[in-house]
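# Results of the structural survey
Chain by chain, the residues:
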Amino acid sequence: MGKMPGVEKALYSRRGCSMKKMLVPFAFLLPYLVVYLTFTLYPTAYSVVLSFMKFKGGNLSFVGLKNFQFLFSDPVFFKAIANTFIILLIQVPIQTLLAVVLANFLNKKLLRCKGLLRMIIFMPVLIDTVSYSIVFRLFFNTENGMINNFLRSLGMEGPDWLNVGFLSKAVIMIAMTWRWTGYNTVIILGGLQNIPMELYEAAAIDGASTGKQFWNITIPGIKPVLLFSVILSVTGTLQLFTEPYLLTYGGPVNETLTIVQYLYKVGFKTFNFGAASAGSYVLAIMIGILTFLQLKVTKED
Amino acid sequence: MKQSKVGFVAYAVLILAAIVSVFPFVWTFLASTHTNTQIFQLEYTLKIGNHMLENLRNLLKVAPYWRNMANSIFVAGVYTILVLLFDSMAGYAFAKFRFKGRDAIFFLCIASMFIPQQVSMVPLFIQLSAFGLMDTPWAIILPGLANVFGVFLMRQSFMGFPDELIEAARIDGASDFRIFFTIVAPTMKPAFTSLGILSFVNQWGNFMWPLIAINSKEQYTMPLVLSLMVQPGMIIDYSAVMIGAVISLVPVLVFFLVFQKNFIDGILAGAVKG
């Protein structure tokens, strides 16, 4: 290309649309577009087709809505949806509240070692999901786990964490909150640091209380990052897989079975590809609706 | 008076949060130096033991762990290099060229960010099997290559690059690829580092898709080996699992300590600017 600079110059100095000039941006886009079309767009579209098909021995046959009927007549699918939403509705608000509190503290003017504290609080997100699920499984082991050993040393008998329905969900929520609170704290802190200090100074001169300042300056100021953090957490929780897979093995008796774990079983344990595809679209639609609602609710004012 | 009281509460809460955050890391490191029975005894919780090498030997008896580590490095490394190359080129195209369909293509890419990856699992399984790529590292690398977040981050960074410099280089006769690789890209080191680290760490810990795509022990990445060592219904050597977890954790922690700022900038780029 660089061989004939004169020619290139001529091409670019004309304002007309030369063929070459038109192709340059596509040359830059090409590698990305190839992988995007092959490994993102095509599978996404093909999954729609599979939702209405039966896949057996490499042959596809159209079955209409049978796959959806299969899912919606399976009580385990509803159980998985209910489990996922219970975890979502309890864990995400707690985690978000904690993150807002920690971020506000980290944003205080006079605090020393802020950088160090921020770094340490962010760290849990670095451990891979497999390792931390195993570690938390050990923590909450009923007979000899650290938590129950500790309670025993205080003269208390700890509960059977992983074998009681609600407690096993609680353990998953505790583990997730440990891993993700710091990450969300850092995001929210990023939003807080974008709020000009003068706003607070002006409000203080006008005699606004700290609480009032929080509701009238801080919350509106961090609304975009808060929304981002919540949407990310909601979407992530709906796709929960590794923690129930390794921490509770989905048990006791499906009490921690999540939507994605259910889809994994249907798709890759019983190889019902049609139903797994249909179910993945049910999940996609739930994520779409929830994201839309969150955007809508916060747009109001 | 009131100010210092608030400061005290803030400190207390933050220090507590820091202790809770760091404790499982410390515990994992210490557990990797204890025997299987010591792990479950309270008095060893905060003590360092001397069984680390023994645990490592036990780990290597059940899994070719160095091979698995090499697999993790290959998968995460190749993935990161390709993401950086493809995403930066695409981001540059979106940021610095006007062409037909640009906004439509960009919108399509952004829209697919909201579709969960689980949607493509079954089609990818069929597709990669047909290509003969299942149970190879490429089965892990290829599916996530179209990293929309990366394109977005890169586009954002390139938009700040002055058009005049690109024009001047063109008038000097440099080709667009030369301009990109020798003039524009080198000034974007922070963006490349941020995206590189995030991609590497994500792929390093990737679990669900590799669980589906990989079947043979020689091809396992580290998370896969560890997950298979703790399956229900078997005798579990937790000490060996813990040393495995430590080995997989150390590189990420080192990365983080060195590139902390880029790490956090990368995450904020999605949140604050998006």
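Cut-offs and rules
Residues numbered from 1 in each chain as written. Chains lettered and ligands numbered in written order. Predicted model: local features only at pLDDT ≥ 70, side-chain atom pairs only at ≥ 80, totals over all residues. Helix = DSSP H or I, 4+ residues; strand = E, 2+ residues; numbered from the N terminus. Rg over C-alpha atoms; globule rule 2.2 N^0.38 Å. Contact = placed C-beta atoms within 7 Å. Nonpolar A, V, L, I, M, F, W, Y, C, P; charged D, E, K, R; others polar. Core = buried A, V, L, I, M, F, W, Y, C linked by C-beta atoms within 7 Å. Buried ≥ 20, exposed ≤ 12 C-beta atoms within 10 Å, placed from the backbone. Domains from an automatic or database assignment. Pairing = 2+ DSSP bridges. Axes fitted to C-alpha atoms, helices over the stretch in contact; angles between N-to-C directions. Parallel < 35°, antiparallel > 145°, perpendicular 65-115°, else oblique. Left-handed = near helix turned anticlockwise from the far one by under 90°.

Across its full length, chain B carries 14 helices and zero strands. When the helices and strands of chain B are placed in sequence order, the string is α-α-α-α-α-α-α-α-α-α-α-α-α-α. Here the C-alpha atoms of chain B give a radius of gyration of 23 Å, more than 25% beyond the 19 Å that 2.2 N^0.38 yields for 274 residues. Overall size of chain B, expressed as C-alpha extent along the three principal axes, is 70 × 70 × 35 Å. Residue pairs at least 24 apart in sequence account for 76% of intrachain contacts in chain B once pairs closer than 6 positions are excluded.

Right, let's get into the interface of chain A and chain B. Contacts between chain A and chain B engage 78 residues on the former and 78 residues on the latter. Grouping the amino acids of the side of chain A that touches chain B by side-chain chemistry returns 54 nonpolar, 20 polar and four charged.

Core analysis: the biggest nonpolar cluster contains 146 residues, and A:Tyr32, A:Ile188 and B:Ala90 have the highest contact counts within it. Residue contributions to this core reach at least three from each of two domains, namely domain 1 (5-51) and domain 2 (68-299) of chain A. Residues within four places of A:Tyr32 in sequence aside, it is in contact with B:Phe86, B:Asp87, B:Met89, B:Ala90, B:Ala146 and B:Val151.

Glancing now at the pairing of strand S2 (residues 59-62) of chain A. As defined by bridge partners, strand S1 (residues 53-56) of chain A adjoins S2(A) across four bridges and the pair is classed as antiparallel. For A:Phe55, the partnering residue across the bridge sits in S2(A) and is A:Leu60.

Attention shifts here to the packing of helix H4 (residues 75-106) of chain A against helix H10 (residues 210-238) of chain A. Axes are the key here: two packed helices are described by the angle between their axes and the distance separating the axes. Residues and elements named next belong to chain A. It is the contact of H4 with H10, at a shortest axis distance of 10 Å, that shows an interaxial angle of 150°. The orientation of H4 relative to H10 falls into the category roughly antiparallel. When the axes of H4 and H10 are compared, the crossing they make is right-handed. Every residue of H10 that contacts H4 at Thr84, Ile87, Leu88, Gln91, Val92, Gln95, Thr96 and Ala99 is listed here: Ser229, Val230, Ser233, Val234, Thr237 and Leu238. Class assignment for the residues of the contact of H4 with H10 results in seven nonpolar, seven polar and no charged.

All names here are of chain A. Its domain assignment divides chain A into domain 1 (5-51) and domain 2 (68-299). A C-alpha centroid distance of 39 Å is found between domain 1 and domain 2. Each partner contributes to the interface: domain 1 provides four residues, whereas domain 2 provides six residues. Of the residues in the side of domain 1 that touches domain 2, the class split is two nonpolar, two polar and no charged.

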